[in-house]
Amino acid sequence: MSARALFIIDVQNDFTEGGALGVEGGAAVAKRITDYLTSDAADYDVVFASRDWHDGDNDNGGHFHESPNFVETWPAHCVSGTPGAEYHPALDESLIDVHVRKGQGKPAYSIFEGVTDDGLTVAEALDRLEITDVDVVGIATDYCVLASALDALGTGRHVRVLDDLVAGVAPESSVAALGRLAREGAEVVSSKGAK
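Participant: Any details on the side chain of Arg-160? Residues and values, ideally.
Facilitator: Summarising the element assignment, Arg-160 is placed in strand E6 (residues 158-167). Among the residues examined, Arg-160 registers a relative accessible area of 8% and is labelled buried. The residues contacting Arg-160, other than those within four sequence positions of it, are Arg-4, Val-134, Asp-135, Val-136, Glu-187, Val-189 and Ala-194.

Next comes the structure, spelled out in structure tokens:
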């Protein structure tokens, strides 16, 4: 018997339009994820959502930089306790079962690098819930969505990325990320095709 989880990756104010690292289409994705969950929540046994939750008093292991290269170093973003770190208001928090914080003092891209509010790793939480299948949505396709989906594949689970519920930093790298995920064994489908 299979059990399915939804991963909502980093749908935060700083990753949507007007934020410190705003991604074009981020706010629209937040709304589409809420609409999707409102109509299809029964398809999931559990909904996880991750947030970058960086320290405000250090460079988070070199993750923050005054002259960022936007590959491995970035301007300050998603600092714990600031509005930028909060979920985007179009994402309905009441639909989330498990909250995951990542990047507390160090770089972190994948949801698997975070911990739940109960102090579990995501892998531990998935094992406890006997999750066999994971769908991945959120921001950004070419960074944290990619890393999270690859790590989910690495745990041996069946993984789908819902390509109409993601937003990326750049079109070329987002297409490349989805192509890589497909080659690695993930299904790349639309939310309508996920039925």
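Participant: Lay out the packing of helix H3 (residues 141-154) against helix H4 (residues 171-184) with the relevant residues and their values.
Facilitator: Packing of H3 against H4 leaves a shortest axis separation of 9 Å and a crossing angle of 5°. Between H3 and H4, the angle falls in the class roughly parallel. Along its contact with H3, which presents Thr-141, Asp-142, Leu-146, Ala-149, Leu-150 and Leu-153, the element H4 presents Ser-173, Ser-174, Ala-177, Leu-178, Arg-180, Leu-181 and Glu-184. The class makeup of the residues in the contact of H3 with H4 is 7 nonpolar, 3 polar and 3 charged.

Participant: Now, about the pattern of salt bridges: what can you tell me, with residues and values included?
Facilitator: Pairing between side chains becomes possible if they bear opposite charge and their charged atoms approach one another. Under the counting rule described, the total for this entry stands at 8 salt bridges. Between Arg-160 and Asp-135 there is a salt bridge; the shortest N-O distance is 2.9 Å. With a gap of 25 residues between them, Arg-160 in strand E6 and Asp-135 in strand E5 (residues 133-139) connect regions that are remote in the sequence. Both residues of the pair, Arg-160 and Asp-135, belong to the buried class.

Participant: Outline the sheet that holds strand E3 (residues 98-102), listing residues and values.
Facilitator: Strand order in the open sheet formed by 7 strands is E4-E3-E2-E1-E5-E6-E7, with mixed pairing between adjacent strands. The open sheet has two edge strands with one neighbour each: strand E4 (115-116) and strand E7 (187-189). Summarising the sheet, strand E2 (residues 46-52) and E3 pair through 5 bridges and their orientation is parallel. Paired with Phe-48 across the two strands is Val-98, which belongs to E3. Running over the sheet, helix H1 (residues 26-40) touches strand E1 (4-9), E2, E5 and E6 and is turned about 125° from E6.

Participant: Please set out the packing of aromatic side chains residue by residue, giving values where relevant.
Facilitator: Throughout the structure, instances matching the rule amount to 5 aromatic pairs. Ring geometry for Phe-7 versus Phe-48: centroids 5.4 Å apart, planes at 70°, classification edge-to-face. One end of the pair, Phe-7, is in strand E1; the other, Phe-48, is in strand E2, and 41 residues separate them in sequence. Accessibility classification places Phe-7 together with Phe-48 in one group, the buried group. For the pair Phe-7 and Phe-112, a centre-to-centre distance of 5.8 Å together with 65° between the ring planes defines the contact as edge-to-face. Taken together, the residues Phe-7 in strand E1 and Phe-112 in the loop between E3 and E4 connect sequence positions 105 residues apart. Taking relative accessible area as the criterion, Phe-7 reaches 0% and is therefore assigned buried. The buried category is assigned to Phe-112, whose relative accessible area is 16%.

Participant: Which residues make up unusual backbone geometry, and what are the values?
Facilitator: Between Ile-139 and the following residue, Ala-140, the backbone shows a cis peptide bond with an omega angle of -10°. In this structure, Ala-140 sits in the loop between E5 and H3. Look at Cys-78: it is not a glycine, yet its phi comes out positive at around 50°. Topologically, Cys-78 is positioned in the loop between E2 and E3.

Participant: Explain the environment of Thr-73 residue by residue, including any values.
Facilitator: Position of Thr-73 relative to the elements: it lies in the loop between E2 and E3. For Thr-73, a relative accessible area of 14% gives the class buried. For the pair formed by Thr-73 and Gly-61, sequence separation is 12 residues and the distance between their alpha carbons is 9.9 Å. The residues touching Thr-73, leaving out its near neighbours within four places in the chain, are Gly-62, His-63, His-65, Ser-67 and Pro-68. Here the side chain of Thr-73 touches Asn-69 through a polar contact of 2.8 Å, landing on its backbone nitrogen.

Criteria and thresholds
- Residues numbered from 1 in each chain as written.
- Predicted model: local features only at pLDDT ≥ 70, side-chain atom pairs only at ≥ 80, totals over all residues.
- Heavy atoms only, no water.
- Helix = DSSP H or I, 4+ residues; strand = E, 2+ residues; numbered from the N terminus.
- Buried < 20%, exposed > 50% of the residue type's maximum accessible area, 1.4 Å probe, protein only.
- Contact = heavy atoms within 4.5 Å.
- Axes fitted to C-alpha atoms, helices over the stretch in contact; angles between N-to-C directions.
- Parallel < 35°, antiparallel > 145°, perpendicular 65-115°, else oblique.
- Nonpolar A, V, L, I, M, F, W, Y, C, P; charged D, E, K, R; others polar.
- Salt bridge = Lys/Arg side-chain N within 4 Å of Asp/Glu carboxyl O.
- Pairing = 2+ DSSP bridges.
- Phe/Tyr/Trp six-rings, centres within 6.5 Å; stacked < 30°, edge-to-face > 60°.
- Polar contact = N/O pair within 3.5 Å; in protein donor to acceptor, adjacent residues only side chain to side chain.

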